[in-house]
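Structural overview
So the chains spell out like this:
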There are 2 protein chains.
Amino acid sequence: MTQLISDRRDVDFVLHEQIKVADLCRHDVFSEFNKKTIDMIVTEARNLAIKAILPLQKISDAGCEFNNGVVKVPEEFHPVYKLYCEGEWSAMCDTPEWGGQGMPHVVAAAANEFFYGACNSFMLYTMLTHGAAKLLETIGTEQQKAQCLKNLFSGKWGGTMLLTEPMAGSDVGALTTVAIPRGDGTYSIKGDKIFISSGESNLVENIIHPTLARIEGAPEGTRGISLFIVPKFRINDDGSLGEFNNVVCTGIEEKMGLHGNATCSLNLGGKGETIGTLIGAEHKGMSAMFLMMNEARQMVGLQGFANASCSYMYALGYARDRIQSKGLTDPPGSAPVSIIHHPDVRRMLMTMRAYVNGMRSLVYYANYLFDLAATAQTDEEKAGHRAMIDIFTPIVKGFITDKAFEVCSLGVQIYGGYGFIEEFPVAQLLRDCRIFQIYEGTNGIQSIDLLSRKMEMNGGKPYQALLDLMKKTLAEAKATKGLGDMAANFEAVYNRYRDVADTILELAASDKVLNAYAFSHPFLEVTGDVAVAWMLLWRAVVAAPQCSEKGKDQDFYQGQVKVAQFFINAILPATNGRLDAISRADGAAIEMPDAGFGL
Amino acid sequence: MTQLISDRRDVDFVLHEQIKVADLCRHDVFSEFNKKTIDMIVTEARNLAIKAILPLQKISDAGCEFNNGVVKVPEEFHPVYKLYCEGEWSAMCDTPEWGGQGMPHVVAAAANEFFYGACNSFMLYTMLTHGAAKLLETIGTEQQKAQCLKNLFSGKWGGTMLLTEPMAGSDVGALTTVAIPRGDGTYSIKGDKIFISSGESNLVENIIHPTLARIEGAPEGTRGISLFIVPKFRINDDGSLGEFNNVVCTGIEEKMGLHGNATCSLNLGGKGETIGTLIGAEHKGMSAMFLMMNEARQMVGLQGFANASCSYMYALGYARDRIQSKGLTDPPGSAPVSIIHHPDVRRMLMTMRAYVNGMRSLVYYANYLFDLAATAQTDEEKAGHRAMIDIFTPIVKGFITDKAFEVCSLGVQIYGGYGFIEEFPVAQLLRDCRIFQIYEGTNGIQSIDLLSRKMEMNGGKPYQALLDLMKKTLAEAKATKGLGDMAANFEAVYNRYRDVADTILELAASDKVLNAYAFSHPFLEVTGDVAVAWMLLWRAVVAAPQCSEKGKDQDFYQGQVKVAQFFINAILPATNGRLDAISRADGAAIEMPDAGFGL
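Treat the numbers as computed from the prediction; the structure is a model and nothing was measured.

This part covers the overall build of chain A. Summing up its helical and strand segments, chain A has 17 helices and twelve strands in all. Taking the principal axes of its C-alpha atoms as reference, chain A extends roughly 80 × 60 × 55 Å. Pairs at least 24 residues apart make up 74% of the contacts formed inside chain A by residues separated by at least 6 positions.

Here it is as structure tokens:
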């Protein structure tokens, strides 16, 4: 079985038929691109992913080597990383001024689906590098930019994020790393950071650590936190590398998965001085860090989605190849069939396909919003798209990574006993996938973000705009031949969802606020399921008119309609039930006496 | 934090207040037991589990050593195995005639909850040994029993099950291992078996392999399969060990978890003759194997439940210890609190608690049915209990192991970043737990078993009896002060469930049979959820009258009521939605064109 990572036909469907990406190229900012160049980009990314990155996946599972402060990535990473950087994949959407390709985000999403699906732990090195670069580009000083930006966007240097400390995880404000002014505008940084992905490695020449710390004497909590740029090696005025900056890796974690990316404990300023420079304003570190957050969190959603997509492709191939038992309605003594013909296996494949397709549309659309913002004609329009990105972020990060883990678990189940064996690829995808629900803000945090901030930002207008987008698709579905039943079924759940959204917001503003937040995660889940249903219905609206033609893609288009039908009629009823539970907002979890939980 | 594996108070609650196990002791067969001895048994089991078996869990993760056909278990297993056997835990419920303790199954379930929760991969060695012994006891010849039984029940020898072959997994009937008569009543066995848990080890002196094979010339499919007893070392007439019987371990699998139990590939008869003796009648191997199936499958349910219970206890301890962020309604600047006070963490803990408690009641009750059968006064009564065991089996195996994996995943989530780190225990519990959904018949197979056999066996009477048991609890709840609302909410779902059960059975008997089986797994899930709700409501019926007293256990009893309230009001509505989906039985998964799944 050839592994294809993702379904290229479906990728193209979303790009060209659902979102119509080539329309973006009418704008000056993307005028160098057209359908043909976009297809070439996806093809090249796919080739690199299949030929070079995918072979790293199994190797990555053996993990990195840690010895005396030095982290060695698997040897095979090096030539592939070189290929990746030489292909200029490290700055797909960024400005040519700093070496970027300036392509639409939605096209980069397609490329990244193949890259991350091929080997997530390898790609994580590039993901954080890009995040650090964007931060510098957005709020760095001219000197910081001149010294670092080209090196980061080219992948010559790496980047990280230094937030977490042993007593400051979700509660970032509890951090204790200090920054002491050195009198020359720089700071001496002292503290311990943990869970730092790519925190140290021999893959790059230097590492730029955006680091949260508290300037001596600053207030407690998040409002006393500042952000610093801390290089692994100090940077001389001419841009050459200077002395080691005493960012010491004291160990790497033994994890459940994602072994190819070292999760480092770093000590700053313990073995000698660690010097950093402020980025952004004093005490404004949290808001500076949040500049990176939408992109970082959405990338984590893409990580989960890419794993799920890859697991689906493996499971589909296995289900077509594996012969076991006669068909249920075949007469006794009939020959055994491939397991894709067994109803329960079809149920699992359809569930995977529905979520993977829905995730793809959601991830691509969320990226497309960045492109709409970039091509907006007015500030108001741009602000509207930016606000929509804010709404999408907790859904893409929180909902998609939850469902990605479920999809990867179904991949294991379809493999049966072989799914549990590491010789086959689906077990690793499941293990790798588990962290995405946790890092960059746990999915509990994402659900709180949706309920406490995103739904009511700007007086609730962006959230309303999202609901209106869904309603537009619903109207189109109603007007499309053959989709009447599923449109009606979606409409019922959609209307119920709108009511329940009002209910939970009212509850959150009442003295029953704790009850409301005991349902923030279920509310994130139903929001995601309704969003997936919306995306699949939209796909059906595009596909249905193609079903009556006798083209070679007839089955593909029919499949789009069937997947929407399956999700709306077989999965969404449970969502409807969850909406009942949320609307009831039972207080038992809040009222539970502590001893009731057990000794 | 001390790890307690399971909540002893809740164990006692189920034994003595819900099921009232001591009532069994009025019968002759259990007259040697009483409440005091039962409590002592559980206490001793718990002590052994905590002090001796639990320390093996982390060690077990490093796996077994395989070298030239020999499997060495972790060194630390040996003394603990000795302790376990010396304590006579290997035959808790079996007849004293063969060295057993003759205790009620439900008491053994409590002991096993601690044992399996402590280290599942260690306990798996004993589980399969016991299964082989029961098989011999039930249908073995006098010689087979005399040679093997005491050695198996004492744990001196080990046992396995040799079913699976590379092309015969779920489709057992496709196996190709052959048995050639040797003329003296014995058979020469030739073939390859895979995925054999405990298939080879240095833990025991000899291994008895019940082996499915086809006598030369026997019909194809399951009706040509016979069952054989194949020892690792041949057994001399005086019971001493003879020559190696050429059951050669050719390799062990690298798995996702459960590393402490070697999963072996075995070759029979390839390196020299492998001799076996028939057990049961010729060509009746499948029905002989099914004699072991109820117990084996229910033990897998217990394995999953024990992992879930253990993960819950860890997560609860962590949530009480881990300080992070101020409480949601505390004023700004308030001190951070332990995360058990945050609503979303409470939601996760309540979900875990509800499922773990529900599973405990289900597992214990299913074991209690064996005791009811043993103490039945009439054959009819005994047959009724046996049939109820048949109904429980797919629920205990299929539903519980699915939910156990979800519970273990919540355990990881509550630990946050630490959950993904192997230094902490919850990641391993999640990895170990994943196989239980697959082995001993995948959960898809369990769902088919429920729908195609169990619901309609004996004209549907046992299934009706299960529904009547639930109805009895419902009536009690209605009559219990304070439970009116939750009883009414349960009743609505219960009634809907009964209707949908009729609907899916009708559909399965129609020409839409494939549509029905595309919902067999969702139907198993709703059956399990309704059963959990029943058990939690039953608990509430027992606990509610205790809530008004000012005893030391006031909070514990209040907790029982709150858990039932949570499950029925916050989880069961989604079940109700799933019932809608099943009743609709949409055919999209069946109608999906093959190319619609993707290339």
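Relative to chain A, chain B is turned by 180° and slid 0.0 Å along the rotation axis, the superposed coordinates differing by an RMSD of 0.0 Å. In short, the pair behaves as if placed about a two-fold rotation axis. Relative to the rotation axis, the closest C-alpha in chain B is found at B:Gly577, a distance of 2.1 Å. A symmetric contact is evident, with 100% of the interface residues of chain B recurring at the interface of chain A.

Turning next to the nonpolar core. Among the nonpolar cores identified, the biggest contains 450 residues, and A:Leu537 and B:Leu537 are the most heavily contacted of them. Look past the residues within four positions of B:Leu537 in its chain and what remains in contact with it is B:Thr473, B:Ala477, B:Met486, B:Ala487, B:Phe490 and B:Ala564.

Residue and element names in this part refer to chain B. Secondary-structure assignment places Ala 564 in helix α16 (residues 554–584). For the pair Ala 564 and Glu 32, spaced 532 residues apart in sequence, the C-alpha separation works out to 35 Å. For Ala 564, the residues in contact, after removing those within four places along its chain, are Met 486, Leu 536, Leu 537, Arg 539 and Ala 540.

Caution applies to low-pLDDT parts of the model: their predicted coordinates are not meant to be read in detail. In this model, chain A carries a mean pLDDT of 96, and residues with pLDDT of at least 70 account for 99%. With a pTM of 0.98, the predicted complex shows an ipTM of 0.98.

It is worth spelling out the interface of chain B and chain A at this point. Counting residues at the interface gives 83 residues for chain B, matched by 83 residues for chain A. When residues of the side of chain B that touches chain A are assigned to their parent elements, the largest contribution, 18 residues, is made by α16(B). Counted by class, the side of chain B that touches chain A contains 36 nonpolar, 25 polar and 22 charged residues.

Residue and element names in this part refer to chain B. Taking 1.5 Å of rise per residue, 37 residues should cover 54 Å, and helix α9 (residues 379–415) covers 51 Å from first to last C-alpha, within 8% of that figure. The sharpest bend along α9 measures roughly 35° and falls at Phe 392, with the proline Pro 394 sitting one to four residues further on. Among the 37 residues in α9, 28 count as buried, and that is most of the element. Looking one or two residues past α9, Gly 416 carries a phi angle of roughly 60°, positive in sign.

Scoring rules and cut-offs
Residues numbered from 1 in each chain as written. Chains lettered and ligands numbered in written order. Predicted model: local features only at pLDDT ≥ 70, side-chain atom pairs only at ≥ 80, totals over all residues. Helix = DSSP H or I, 4+ residues; strand = E, 2+ residues; numbered from the N terminus. Contact = placed C-beta atoms within 7 Å. Least-squares fit on C-alpha atoms with pLDDT ≥ 70 in both. Core = buried A, V, L, I, M, F, W, Y, C linked by C-beta atoms within 7 Å. Buried ≥ 20, exposed ≤ 12 C-beta atoms within 10 Å, placed from the backbone. pLDDT = per-residue confidence, 0-100. Nonpolar A, V, L, I, M, F, W, Y, C, P; charged D, E, K, R; others polar. Expected span 1.5 Å × (residues − 1). Bend = angle between axes of the 7 residues up to and from the residue.

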